[in-house]
Amino acid sequence: MLWWWVLDWAQDGDISKYQDIDIADAVSFEGEPQVLMRALVDAGYVIETQSGREIANWFRIGGQIIESKKKDAERKAEAREKKRQKKEGLSDVRGKSGGHPTDNPGTSEGVPKEVLSIDKDLDIDKDLELNKDLKINGHADQNSKTEPKQEPDLKSEPTAEKPKAPKESEKPKNPGEKGPKGRKKPEYAADSLYFRMATGFKERLDKLAKAEGVETLVPRANLQSWADDFRKLVELDKQSDIQQIADVMDWVVQDSFWKRNVLSGETFREKYPKLLLAMKESKKAATGNKGSGGAGGGRGYGHQKQEIPITQDNGTDGTPTESEYAAMMRRAAEIKAEKIRIKEAGGR
């Protein structure tokens, strides 16, 4: 549906002048326009460039159809020209009876057959054009007779596959105005809760950028859109604890992983459940490490240290008896004699 729409309203594939809500209407998408556009970009159907947005591989996709439409238009123009020349070539036949009966005004009596054939073709064309106009304006006669078959015209009126392009007067000029389908774009005042949440998150990201030595991490931040994301987080996702949301904001710009992956209000809302759980786990781990090393600390789990029993030594524990000492001395003498024998044997 998007490609059919682009064939009629952006034949060069450049859709930069259309807003997200226009694209959503073009493909009859009833959800959030920003979600649709982000999906089209992520899936590779739309490419974001420095100058705007364009359809990916458009000339390979729509080039053949556009060329076919041009050839079809040229063929129809040529057919109309031939019909006009044929009519002009026989225009003087009416004034020359040439043996035909006298023309009777208001009837076909006396009119040559070849002229009747041409007039019939022209009348059919006029009827087709009239019926086409009536259909567009919604006044087509439901009981009218079956029209002669006509070749499909790629420039016909919009259908479900080729939606009508939004008129300039239908486009919302301000954030608070309604779009072509009556969808109202929310507008948030600077002192409203959700706009303050958006600016607060933007300020945290700016501080993070300064700490990393870059000018900004979000050069094209749309704070109105961010404010709407925070509204959805609170009202639709039922995350009503504003202080907890603020705590997650503070934590996410400090976490080594998430600070690289959460750089917009939309992503913050999408990842919020994971961010909340990750923050709580991080705080639990930090609390456990602080308790280690003390009485009952261990690794922060409250285990008791194992007590090692201490015994008193009277100075005799571990001392060999006289027989054991004598045996040890004999063994030492044997080892020493063996070493001497090996040394002397090696010297000879």
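The structure displayed is predicted, hence computed values, not measured ones.

## Regarding the overall build of the protein chain
Of regular secondary structure, the protein chain possesses 10 helices and 2 strands. From first element to last, N terminus to C terminus, the protein chain shows the α and β order α-α-α-β-β-α-α-α-α-α-α-α. With 348 residues in all, the protein chain has 25% of them scored as buried. The contacts in the protein chain between residues at least 6 apart in sequence include a share of 57% that link residues at least 24 apart.

## Quick notes on the packing of helix H1 (residues 2–9) against helix H4 (residues 58–89)
The interhelical angle for the contact between H1 and H4, taken along N-to-C directions, is 55 degrees, at an axis separation of 11 Å. The angle between the axes of H1 and H4 places the two elements in the oblique class. Note on packing geometry: the crossing formed by H1 with H4 is right-handed. Residue-level contacts link Trp 3, Val 6, Leu 7 and Asp 8 of H1 to Trp 58, Ile 61, Gly 62, Ile 65, Ile 66 and Lys 69 of H4. For the contact of H1 with H4, a count of residues per class yields 7 nonpolar, 1 polar and 2 charged.

## Considering the packing of aromatic side chains
Evaluated as defined, the whole model comprises 9 aromatic pairs. Taking the centre distance of 6.0 Å and the plane angle of 50 degrees together, the rings of Phe 201 and Trp 226 count as tilted. Here the residue Phe 201 occupies a position in helix H6 (residues 193–212), and Trp 226 occupies one in helix H7 (residues 223–235), the gap between them amounting to 25 residues. Look at Phe 201 and Phe 268: their rings are 5.1 Å apart centre to centre, the planes differ by 55 degrees, and that puts the pair in the tilted class. With Phe 201 in helix H6 and Phe 268 in helix H9 (residues 265–291), the pair connects residues that are 67 residues apart, well separated along the chain. Accessibility assignment for this pair places Phe 201 and Phe 268 in one class, buried.

## Describing the environment of Leu 263
Within the fold, Leu 263 resides in the loop between helix H8 (242–252) and H9. With 58 residues separating them in the primary sequence, Leu 263 and Leu 205 have C-alpha atoms 7.3 Å apart. In this structure Leu 263 touches Leu 205, Leu 217, Val 218 and Trp 226, once residues within four positions along its chain are discounted.

## Describing the nonpolar core
Residues Phe 201, Phe 230, Ile 245, Val 252, Phe 268 and Leu 275 are the most contacted members of the largest nonpolar core, which totals 27 residues. Sorting the residues of this core by element identifies H6, H7, H8 and H9 as the ones contributing at least two each. The greatest single-element share of this core, amounting to 7 residues, is contributed by H6. Not counting chain neighbours up to four residues away, the residues in contact with Leu 275 comprise Val 248, Trp 251, Val 252, Trp 258, Val 262 and Phe 268.

## As for unusual backbone geometry
Here the phi dihedral of Ser 28 falls at roughly 60 degrees; this positive angle occurs in a residue that is not glycine. Here Ser 28 shows up in the loop between helix H2 (20–26) and helix H3 (33–43).

## Some remarks on the pattern of salt bridges
In total, this model carries 20 salt bridges according to the counting rule given. For Arg 204, the salt bridge is made with Asp 250, and the minimal N-O distance between the two is 2.6 Å. Of this pair, Arg 204 sits in helix H6 while Asp 250 sits in helix H8; the two residues are 46 residues apart in sequence, bridging distant segments of the chain. Residue classification places Asp 250 among the partly exposed residues on the basis of a relative accessible area of 34%. Look at the salt bridges and you will find they share partners, linking Asp 20, Arg 38, Asp 42, Glu 48 and Arg 53 into a network.

## A few points about H6
What sets the pattern is the α-helix's 3.6 residues per turn: residues three or four places apart point alike. With 20 residues, H6 ought to run about 28 Å at 1.5 Å a step, and its terminal C-alpha atoms sit 29 Å apart, in line with that. Of all the positions in H6, only Tyr 194, Phe 195, Met 197, Ala 198, Gly 200, Phe 201, Lys 202, Leu 205, Leu 208 and Ala 209 are classed as buried. One or two steps after H6, the chain reaches Gly 213, where phi turns positive at roughly 80 degrees.

## Examining H4
Taking 1.5 Å of rise per residue, 32 residues should cover 46 Å, and H4 covers 46 Å from first to last C-alpha, within 8% of that figure. Along its length, H4 shows its largest kink, about 25 degrees, at Gln 64. For H4, every residue scored as buried is listed here: Trp 58, Gly 62, Ile 66, Lys 69 and Asp 72. Each element contacted by the buried residues of H4 is listed here: H1 and strand S2 (53–55).

## Concerning the packing of H6 against H8
For the pair H6 and H8, interaxial distance at closest approach is 9 Å and the crossing angle is 15 degrees. Compared by their axis directions, H6 and H8 come out roughly parallel. Every pair of crossing elements has a handedness; the one defined by H6 and H8 is right-handed. On H8, the residues that touch Leu 193, Met 197, Phe 201 and Arg 204 of H6 are Ile 242, Ile 245, Ala 246, Met 249, Asp 250 and Val 252. Looking at the contact of H6 with H8, its residues break down into 8 nonpolar, no polar and 2 charged.

## Observations regarding the confidence of the model for the protein chain
Taken as a whole, the protein chain shows an average pLDDT of 76; of its residues, 64% reach a score of 70 or greater. Segment residues 139–145 is flagged for pLDDT under 50; beyond a separation of four residues in sequence, or across chains, it makes 3 contacts in the model. The low-confidence segment residues 293–304 (pLDDT under 50) makes 11 contacts with residues lying over four places distant or belonging to another chain.

Definitions and limits used
- Residues numbered from 1 in each chain as written.
- Predicted model: local features only at pLDDT ≥ 70, side-chain atom pairs only at ≥ 80, totals over all residues.
- Heavy atoms only, no water.
- Helix = DSSP H or I, 4+ residues; strand = E, 2+ residues; numbered from the N terminus.
- Buried < 20%, exposed > 50% of the residue type's maximum accessible area, 1.4 Å probe, protein only.
- Contact = heavy atoms within 4.5 Å.
- Axes fitted to C-alpha atoms, helices over the stretch in contact; angles between N-to-C directions.
- Parallel < 35°, antiparallel > 145°, perpendicular 65-115°, else oblique.
- Left-handed = near helix turned anticlockwise from the far one by under 90°.
- Nonpolar A, V, L, I, M, F, W, Y, C, P; charged D, E, K, R; others polar.
- Phe/Tyr/Trp six-rings, centres within 6.5 Å; stacked < 30°, edge-to-face > 60°.
- Core = buried A, V, L, I, M, F, W, Y, C linked by side-chain atoms within 4.5 Å.
- Salt bridge = Lys/Arg side-chain N within 4 Å of Asp/Glu carboxyl O.
- Expected span 1.5 Å × (residues − 1).
- Bend = angle between axes of the 7 residues up to and from the residue.
- pLDDT = per-residue confidence, 0-100.

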